[in-house]
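Coordinates in review
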Protein chains: 2
Amino acid sequence: MYKALPSIGLLGGGQLGRMLLQAAVDLDLQIACLDPDAEASCHQLTPNFQQGSFQDYETVYQFGQKYDVISIEIEHVNIEVLKQLESEGKKVYPQPHILQMIQDKRLQKQFFKDHGFPTADFVLTDNQASLSQHIDFLPAFHKLGKGGYDGKGVQYIADAASVTKGFDAPGLLEKAVDFEKELAVIVARNPQGETAVFPAVEMVFHPEQNLVEFLFSPAEITTTIAKQAEKIAVDLINTLELVGVLAVEMFLTKDGQVLINEIAPRPHNSGHQTIRGNESSQYEQHLRAITGLPLGSTKSFGFSGMLNLLGAEGFTGPAKYEGLADILAIPGVFPFLYGKKITKPFRKMGHITILGDSKGAIIEKANQVKNLIRVIS
Amino acid sequence: MYKALPSIGLLGGGQLGRMLLQAAVDLDLQIACLDPDAEASCHQLTPNFQQGSFQDYETVYQFGQKYDVISIEIEHVNIEVLKQLESEGKKVYPQPHILQMIQDKRLQKQFFKDHGFPTADFVLTDNQASLSQHIDFLPAFHKLGKGGYDGKGVQYIADAASVTKGFDAPGLLEKAVDFEKELAVIVARNPQGETAVFPAVEMVFHPEQNLVEFLFSPAEITTTIAKQAEKIAVDLINTLELVGVLAVEMFLTKDGQVLINEIAPRPHNSGHQTIRGNESSQYEQHLRAITGLPLGSTKSFGFSGMLNLLGAEGFTGPAKYEGLADILAIPGVFPFLYGKKITKPFRKMGHITILGDSKGAIIEKANQVKNLIRVIS
């Protein structure tokens, strides 16, 4: 029988929130957003946009009172208040204790290890000085426990001479993995325990900025590896009992192992292309999951690709999209602009989804696109 | 070089406007809506929703001053004011003189005839009494010249005895066509004269309400017929020099002719399934066309179907969607709810897009969906 759809209060109003709001129109789901930036990507897309801090206990508590389900589009939110809301019977998805674990890369890694999930070897470090105790563990990546975001909070430590590059805060040293590819799998789970997994995608990172620069779906890997990567994601979300979508970034090592790198308990950059590339998008899937609806089909329509659209170096100010009409003239090229007023170097201003008949066709279009579009001011 | 995207003022804020607004998010296009209903489908989707009449000269004139491009999502708007805005240099798409012609089915039919487009034979009628002069033309459909909408304004006249069922206003009598299928083609054209056509779809009407009830894409017709239907649509939009999308409803007669039935200069019920079924949707295409951008790829991802979701008989009041979760459990079934607060019998409350591997699979899912969902109050 009919059950009214719950209202959603979302912490964060950035681009992920924007695409959640856009997807919510289909089912007429009501979403409110809380974001400190009055001009956040979501601010014009819901009459219930509230300017405020998602880290402030009282602000989040009052905001959370108003909606049936509380969710997030960014991890760095106040966990204590989410736990309080949950204890008062509010549905908070992803669940606060999982969010808390994922917020801290040290706890995250320990969780993988404790539950037998494959991940690169690591040691925990307390501060910069403690790196010197692990010279024999180098070369490795030093990762900040808390607060890293979009490539920040990760530092490569080649040898003893470079330990001073490490973070002077709790973190971990992770063995540099000799990988062939980086993969990502997005999986969803609803409160009934139903899961649905998107096909594994393949990522190419920008060497300097460490942001996903280019992505292909489906990943060019064997069926065995694909199944293995997808099984890890499903096992992980089931072990966590997480409600919502979970993005699992992985390494495929040169000797054929799949290792978990990091996870994010929300729609993720590595799933943008699901909007045109798959029957359901990761955004719709997250909404279905957190509102307790059956999950959607994750089937790919074919090959897809995704390019991030970053602010060009040397420009800070009101954003302009040079070459936008030119890329729109290429068949199968679909820009998604995030509605951010101000561009700055390497700021994520949008992304571009590319559809094509083959991986080669997508790479060709991606190269055309890269040469045509630029976010300037 | 960069050219700022124009702002859009849309007359009408119903479901077609809603899907235009949703599509506009991708390119961060700013759309304002004017609709007499304060709770129209669009009212929560843009901060620039204005309650007001799109038939009132002064209201539309003031509204139109504020935006770069004026467009419509309903034909029954004030034409004189659109002509005035156009004469003052405002971009008005579709162009008012085309809208005026299409508003009147008599002018529409005459246009097809004058330009050699295939259409069923007809005679113009001035009032109900004049029907008696055309007894030898029966059986035929009597169509009201102006003001028909969603199946209203069309009456079947079998014989002399039933001429009293005709409309007592200017109209036309159209020979009943012995058709095999009803087809629809959506085509777009931008101000540069570029056109793009969606594959022909096949419609099944509800016998009583005369609303599209069920639609398949692509139509199950020969390549020759498909090309013929698509060519008619392209020739028509080029002859009209219309900017925007044009929906062309056609009959495929039992002897293999393709005849134009009616046209609509806007996104159309027969193109809803392009949202998941094709690379670009008709909504995105309309936005690209009226803002002067290159048109998108119209390629189908495969088979798709579309069912209208109408208010159930016997229910008037706040809408509830019985069986919504049940249909969401069927893979490839995607409901689109229009956010209308009040349901009434046969009101268009939403639609359901169905994806599947074959026409048979889609029909099977459509039948499941029909038996599961009901809009009640």
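Above this text you will find the structure in question.
Residues numbered from 1 in each chain as written. Chains lettered and ligands numbered in written order. Predicted model: local features only at pLDDT ≥ 70, side-chain atom pairs only at ≥ 80, totals over all residues. Heavy atoms only, no water.

1. Describing unusual backbone geometry
Residue B:Pro94 follows B:Tyr93 across a cis peptide bond; omega there is -5 degrees. Mapped onto the fold, B:Pro94 is located in the loop between strand S5 (91–92) and helix H4 (96–103). Across the junction of B:Leu138 and B:Pro139, the peptide omega takes the value 0 degrees, indicating a cis bond. Secondary-structure assignment places B:Pro139 in the loop between strand S6 (122–125) and strand S7 (140–144). One non-glycine residue, A:Asp28, lies in positive phi territory at about 55 degrees. Inspection of the secondary structure assignment puts A:Asp28 in the loop between helix H1 (15–24) and strand S2 (31–35). (Helix = DSSP H or I, 4+ residues; strand = E, 2+ residues; numbered from the N terminus.)

2. Side note on the packing of aromatic side chains
Per the counting criterion, the structure on display carries 11 aromatic pairs over all chains. Measuring from centroid to centroid gives 5.1 Å for B:Phe141 and B:Tyr156, while their planes differ by 55 degrees, and the two rings are tilted. With a gap of 15 residues between them, B:Phe141 in strand S7 and B:Tyr156 in strand S8 (residues 154–157) connect regions that are remote in the sequence. Judged by relative accessible area, which is 30%, B:Phe141 ranks as partly exposed. In this structure, A:Lys175 is placed above the aromatic ring of A:Phe137, and the distance from its NZ or CZ to the ring centre is 4.1 Å. Here A:Lys359 stacks its cationic end above the ring of A:Phe216, 4.6 Å away from the centre of that ring. (Phe/Tyr/Trp six-rings, centres within 6.5 Å; stacked < 30°, edge-to-face > 60°. Buried < 20%, exposed > 50% of the residue type's maximum accessible area, 1.4 Å probe, protein only. Lys NZ or Arg CZ within 6 Å of the ring centre and 35° of its normal.)

3. Some remarks on the packing of helix H1 (residues 15–24) of chain B against helix H8 (residues 282–290) of chain B
All names here are of chain B. Put simply, H1 and H8 touch, their axes get as near as 8 Å, and they point 75 degrees apart. On the basis of the axis angle, H1 is roughly perpendicular to H8. Residues Leu-16, Met-19, Leu-20, Ala-23 and Ala-24 of H1 lie in contact with H8, whose contacting residues are Tyr-283, Glu-284, His-286 and Leu-287. Of the residues that constitute the contact of H1 with H8, the class distribution is seven nonpolar, one polar and one charged. (Axes fitted to C-alpha atoms, helices over the stretch in contact; angles between N-to-C directions. Parallel < 35°, antiparallel > 145°, perpendicular 65-115°, else oblique. Contact = heavy atoms within 4.5 Å. Nonpolar A, V, L, I, M, F, W, Y, C, P; charged D, E, K, R; others polar.)

4. Notes on the sheet that holds strand S6 (residues 122–125) of chain A
Residues and elements named next belong to chain A. Taken together, the four strands give an open sheet; going across it, the order is S6-S9-S7-S8, and neighbouring strands pair in antiparallel fashion. Because the sheet does not close on itself, it has two edges, and the strands there are S6 and strand S8 (154–157). When the angles between neighbouring strand axes are averaged without regard to direction, this sheet yields 25 degrees. Taken together, the four bridges between S6 and strand S9 (residues 171–175) define a ladder with antiparallel strand orientation. Along S9, the bridge assignment pairs Val-123 with Leu-173. (Pairing = 2+ DSSP bridges.)

5. Things to note about the side chain of B:Ser281
All names here are of chain B. Mapped onto the secondary structure, Ser-281 falls in the loop between helix H7 (274–277) and H8. Given the relative accessible area of 9%, Ser-281 is considered buried. A distance of 3.0 Å separates the side chain of Ser-281 from the backbone nitrogen of Glu-284, its partner in a polar contact. (Polar contact = N/O pair within 3.5 Å; in protein donor to acceptor, adjacent residues only side chain to side chain.)

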